[in-house]
Amino acid sequence: MECQNYGLTRSVERENLNLNPLQRGGVLSAAAREALYDFGDGYSVCDYCAGRLDEIAKPSIGGFLEDLAKFINVDAVRTVHGAREGKFAIMHALCDKGDTIVVDGNAHYTTHLAAERNSLNMVEIPNNGGPEFEITPEKYREVLENAIDEKGEIKLALLTHVDGNYGNLTDAKKIGKICQDAGVPLVLNCAYSMGRLPIDAKELNVDFVVGSGHKSMAASGPIGVLGMKEEWADKLLERSSRHQKKEIEMLGCTSRGAPVATLMASLPHLVERVSKWDDEVQKARNFVEQMEEIDGVVQVGMRPTNHDLVRFETPFFHEIAQNHPRRGFFLYEELKKRKIVGIKRGQTEWFKCSAYGMTKEQVDYIADSFKDIAEKALD
Ligand SMILES: *Cc1c(COP(=O)(O)O)cnc(C)c1O
């Protein structure tokens with residue numbers, strides 16, 4: 001057979017400023033790009049494997065996991081294929097079909113799917129509505145306590161550390177304490193935080209943390225991080241009776257090859273960059289300030305923002321779109337002309353964006369471009 005041309009070329013990151021929040025934290029470090037080349041072949045990390053992926057000495061996956069555990073302050077850690085697989089594995093190990101868990105109302109869809117795949121019922125802690133859409137500790141406590149009263153036992157609670165809709169940073173420490181006092185283990189979903197900002201699982205009173213290598217940890221992925229307190233390690237990392245070295249929830253071996261090699265190569269870069277998180281937050285706040293100089297543009301979610309992912313309501317751009325010959329596409333096209341991408345085509349009423357990792361000059365250029373587009377549209 002003859003195969004089609006699949007169009008496998010990509011210069012988006014090289015030639016533009018990409019504002020897509022999904023893609024900002026997964027840009028490879030220079031070291032990871034080299035590792036990708038060396039470890040691109042399938043099963044490339046398995047040259048010296050003696051049956052346990054997490055104990056391979058060359059490359060030192062064992063040493064890497066030790067450092068990773070320190071990085072997020074957990075007792076045990078494994079790589080998985082993504083934050084979602086981490087959540088699924090925890091639910092699968094701790095819960096039985098038909099159990100009820102509590103999840104925050106800003107949870108990612110993958111939290112819901114992981115629960116569905118495990119046949120679990122979910123009770124949601126609603127956010128406090130617009131314009132902040134905050135998950136408050138008070139509401140979390142109230143819903144959790146009611147759920148315990150009603151069901152007798154809640155085996156697991158989930159909290160999204162930073163959600164992907166508003167970039168709200170939740171008070172994990174307080175909610176962790178609430179769950180601890182109620183005797184319910186808490187999973188903190190750090191897909192948008194681990195690798196961007198410092199995570200200390202013990203300080204935050206959480207039992208489990210999951211992270212996403214391709215979302216926030218400068219790894220090619222797919223790869224996730226699953227960290228836990230000592231008391232859960234036996235349950236989550238239980239061994240097979242037939243294959244004594246293999247851990248059942250991990251299906252023996254998890255990330256093998258380029259995904260884990262790139263994450264390993266990026267760890268020193270992550271250690272360095274999380275220490276500069278305050279600068280990123282400041283940059284995001286400055287960006288918001290500049291954007292809000294445009295008529296009717298307003299950041300929604302908690303203010304001032306505590307994360308690089310920011311969501312704007314932009315009724316002004318939406319109005320322009322109504323009378324523009326290119327309709328809703330005008331904003332995307334005007335940005336593209338200025339080498340700015342990552343805002344969805346056709347979207348003008350609101351959008352999410354992130355300038356994570358960009359320089360101040362680049363952020364200023366982006367804000368000026370939005371202002372320029374707004375002014376030109378008025379002429
Ligand atoms: C992106 C995202 C996920 C999914 O992460 P994967 O590593 O791709 O599974 C989960 N939760 C949140 C909050 C996210 O933003």
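None of the values given here were measured: they were computed from a predicted structure. (Residues numbered from 1 in each chain as written. Predicted model: local features only at pLDDT ≥ 70, side-chain atom pairs only at ≥ 80, totals over all residues. Heavy atoms only, no water.)

**Describing the overall build of the protein**
Logical step 1: Within the protein, the regular secondary structure consists of 15 helices and 12 strands.
Logical step 2: Its C-alpha radius of gyration of 22 Å places the protein within 12% of the 21 Å reference for a compact globule of 379 residues.
Logical step 3: Where the 47 positive side-chain charges of the protein centre and where its 58 negative ones centre are 4 Å apart. (Helix = DSSP H or I, 4+ residues; strand = E, 2+ residues; numbered from the N terminus. Rg over C-alpha atoms; globule rule 2.2 N^0.38 Å. Lys, Arg positive; Asp, Glu negative; His and termini not counted. Charge placed at Lys NZ, Arg CZ, Asp CG, Glu CD.)

**Details of the site of the ligand**
Logical step 1: Around the ligand, the surrounding shell holds 14 residues, and the nearest of these are A83, R84, N189, S212 and K215.
Logical step 2: In this structure, S212 approaches the ligand through a side-chain N or O atom, which is 2.7 Å from an oxygen atom.
Logical step 3: Interatomic distance of 2.5 Å between a side-chain N/O atom of K215 and an oxygen atom of the ligand.
Logical step 4: When the ligand is considered free in solution it has 390 Å² of accessible area, and contact with the protein chains removes 95% of it.
Logical step 5: For the shell around the ligand, the secondary-structure elements that each account for two or more residues are α5 (83-94) and α9 (213-216).
Logical step 6: For the shell around the ligand, the element with the most residues is α5, which contributes three residues.
Logical step 7: Each residue belonging to the shell around the ligand can be placed in one class, and the counts come to four nonpolar, seven polar and three charged. (Near = heavy atom within 4 Å. Polar contact = N/O pair within 3.5 Å; in protein donor to acceptor, adjacent residues only side chain to side chain. Areas by Shrake-Rupley, 256 points an atom, 1.4 Å probe, with all protein chains shown as cover. Nonpolar A, V, L, I, M, F, W, Y, C, P; charged D, E, K, R; others polar.)

**Structural notes on the domain arrangement of the protein**
Put simply, an interface is often sized by how much accessible area is lost when its parts join up.
Logical step 1: Here the protein is described as being made up of domain 1 (12-25 + 277-378) and domain 2 (30-273).
Logical step 2: Computed from C-alpha coordinates alone, the two centres of domain 1 and domain 2 are separated by 30 Å.
Logical step 3: In this assembly, 16 residues from domain 1 lie in contact with 23 residues from domain 2.
Logical step 4: For the pair domain 1 and domain 2, the summed buried area comes to about 1700 Å², and 51% of that belongs to carbon and sulfur atoms.
Logical step 5: Taken together, the links from domain 1 to domain 2 amount to one salt bridge.
Logical step 6: Seen at the junction of domain 1 and domain 2, the total is 12 residue pairs in polar contact (both at pLDDT 80 or more).
Logical step 7: Here the side of domain 1 that touches domain 2 gets three residues from one element, more than from any other, and that element is helix α2 (residues 21-24).
Logical step 8: Residues that form the side of domain 1 that touches domain 2 fall into these classes: seven nonpolar, five polar and four charged. (Domains from an automatic or database assignment. Contact = heavy atoms within 4.5 Å. Buried area = accessible area lost by both parts, 1.4 Å probe. Salt bridge = Lys/Arg side-chain N within 4 Å of Asp/Glu carboxyl O.)

**A closer look at the side chain of T100**
Logical step 1: Positionally, T100 belongs in strand β3 (residues 100-104).
Logical step 2: T100 gets classed as buried once you look at its relative accessible area, which sits at 6%.
Logical step 3: Residues contacting T100, with those up to four places away along its chain left out, are N121, V123, K151, I154 and K155. (Buried < 20%, exposed > 50% of the residue type's maximum accessible area, 1.4 Å probe, protein only.)

**Some words on the sheet that holds strand β9 (residues 298-300)**
Logical step 1: Strand order across the open sheet formed by three strands is β9-β10-β12, with antiparallel pairing between neighbours. What marks the edges here is a single partner per strand, and that holds for β9 and β12 (350-353). Looking at each pair of strands side by side, their axes are set apart by 35 degrees on average, direction ignored.
Logical step 2: Sheet topology places β9 next to strand β10 (residues 310-313); three bridges connect them, and they run antiparallel. (Pairing = 2+ DSSP bridges. Axes fitted to C-alpha atoms, helices over the stretch in contact; angles between N-to-C directions.)

**Comments concerning the packing of helix α12 (residues 277-291) against helix α15 (residues 360-378)**
Logical step 1: In contact at an axis separation of 9 Å, α12 and α15 are set at 20 degrees when each is read in the N-to-C sense. In terms of axis orientation, α12 runs roughly parallel to α15. Classified by chirality, the crossing of α15 by α12 is right-handed. In contact with K283, F287, Q290 and M291 of α12, α15 contributes V363, D364, I366, A367, D368, F370 and K371. (Parallel < 35°, antiparallel > 145°, perpendicular 65-115°, else oblique. Left-handed = near helix turned anticlockwise from the far one by under 90°.)

**Notes on a negative patch on the surface**
Logical step 1: Together, E230, E231, D234 and E238 give the surface a local cluster of negative charge.
Logical step 2: Take E238: it is sitting in the loop between α10 (230-236) and α11 (258-274). (Patch = residues over 30% accessible without salt bridge, like charges linked within 9 Å, V, L, I, M, F, W, Y side chains within 5 Å.)

**Remarks on the nonpolar core**
Logical step 1: If you look at the biggest cluster of nonpolar residues, it comprises 51 residues, and the most contacted ones within it are L68, I72, Y140 and V209.
Logical step 2: Elements supplying a minimum of two residues to this core: α4 (61-72), α7 (137-151), β5 (157-160), α8 (172-182), β6 (186-189), α11 and α12.
Logical step 3: No other element matches α4, which puts seven residues into this core.
Logical step 4: Two domains share this core, each providing at least three of its residues, namely domain 1 (12-25 + 277-378) and domain 2 (30-273).
Logical step 5: Beyond its immediate sequence surroundings of up to four residues, L68 is in contact with V77, M217, V225 and L267. (Core = buried A, V, L, I, M, F, W, Y, C linked by side-chain atoms within 4.5 Å.)

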